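Fold and geometry: a report
Residues per chain are reported as follows:
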Amino acid sequence: SMMENFGYPKHQTDKFPNAITDSMARDFYAYIVTICAQHFFSALVMLPALVYGWEGSSDTVKSLFIFGTLSDLGFDIYDSMKSSIRTFANHKDPLPLGSWIIIVALHHTSALF
């Protein structure tokens, strides 16, 4: 499953005493759908500036592009902090280290540069 690819264990561990539960799978799926929607809407408001070019865009289009960029940046900061707390602190809803590496160390940092 996708959760296993992100480091969630198939079998019980100390950090995950119930392995992957149905509730965890539903939450993971819902979160992935939410992230996809956030990325879609952030990119959607940037699209006109990419179509018309920066110089050919109106101030409104430029503002929308900046808004989309800040929207994505804000989400990256929020998700990086939340994921780090879930991974490295004693959290009721832990995140595997493999997920943290993929999400924070690779995905969010590459999106910022």
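Since we're looking at a predicted model, the values are computed, not measured.

This part covers the overall build of the chain. For the chain, the helix and strand inventory stands at 4 helices and 0 strands. Helices and strands appear in the chain in the N-to-C order α-α-α-α. In terms of overall size, the chain is more extended than a compact globule, its C-alpha atoms giving a radius of gyration of 18 Å where 113 residues would be expected to give roughly 13 Å. Dimensions of the chain along its principal axes, counting C-alpha atoms only, are 55 × 25 × 20 Å. When each of the 113 residues of the chain is scored for burial, the buried share is 29%.

Let us now look at the pattern of salt bridges. Side-chain pairs of opposite charge can arise where the charged atoms are in close proximity. If you walk through the whole model with that rule in mind, you get 1 salt bridge. Across the pair R86 and D93 runs a salt bridge whose closest N-O atoms are separated by 3.4 Å. For R86, a relative accessible area of 12% gives the class buried. Since its relative accessible area comes to 33%, D93 is described here as partly exposed.

Right, let's talk about the packing of helix α3 (residues 59-88) against helix α4 (residues 97-112) for a bit. Packing of α3 against α4 leaves a shortest axis separation of 10 Å and a crossing angle of 160 degrees. When the axes of α3 and α4 are compared, the pair comes out roughly antiparallel. At the point where α3 passes α4, the crossing takes the left-handed sense. Here L73, F75, D76, D79, S80, S83, S84, T87 and F88 of α3 lie close against α4, whose contacting residues are L97, W100, I103, V104, H108, A111 and L112. Here the contact of α3 with α4 is composed, by residue class, of 9 nonpolar, 5 polar and 2 charged.

Before going further, it helps to spend a moment on the environment of P94. Among the secondary structure elements, P94 is positioned in the loop between α3 and α4. Separated by 79 residues in sequence, P94 and K15 place their C-alpha atoms 7.2 Å apart. What P94 contacts, discounting residues up to four positions off in sequence, is Y8, K15, F16 and R86.

Turning to its location among the elements, D79 is positioned in helix α3. No salt bridge is formed by the buried D79. Its closest oppositely charged neighbour is K82, at 4.5 Å. If we skip the residues at most four places from it in the chain, D79 touches Y31, I103 and H108.

The next subject is the packing of helix α2 (residues 22-52) against α3. For the pair α2 and α3, interaxial distance at closest approach is 7 Å and the crossing angle is 155 degrees. Relative to α3, the element α2 lies roughly antiparallel. Crossing angle aside, the handedness with which α2 passes α3 is left-handed. In this structure, α2 uses Y31, I35, Q38, H39, S42, V45, M46, P48, A49 and L50 to contact α3, whose residues at the interface are V61, L64, F65, F67, G68, T69, S71, D72, F75, Y78, D79 and K82. Residues belonging to the contact of α2 with α3 are distributed by class as follows: 13 nonpolar, 6 polar and 3 charged.

Here is what the cut-offs are and how they apply
Residues numbered from 1 in each chain as written. Predicted model: local features only at pLDDT ≥ 70, side-chain atom pairs only at ≥ 80, totals over all residues. Heavy atoms only, no water. Helix = DSSP H or I, 4+ residues; strand = E, 2+ residues; numbered from the N terminus. Rg over C-alpha atoms; globule rule 2.2 N^0.38 Å. Buried < 20%, exposed > 50% of the residue type's maximum accessible area, 1.4 Å probe, protein only. Salt bridge = Lys/Arg side-chain N within 4 Å of Asp/Glu carboxyl O. Axes fitted to C-alpha atoms, helices over the stretch in contact; angles between N-to-C directions. Parallel < 35°, antiparallel > 145°, perpendicular 65-115°, else oblique. Left-handed = near helix turned anticlockwise from the far one by under 90°. Contact = heavy atoms within 4.5 Å. Nonpolar A, V, L, I, M, F, W, Y, C, P; charged D, E, K, R; others polar. Lys, Arg positive; Asp, Glu negative; His and termini not counted.

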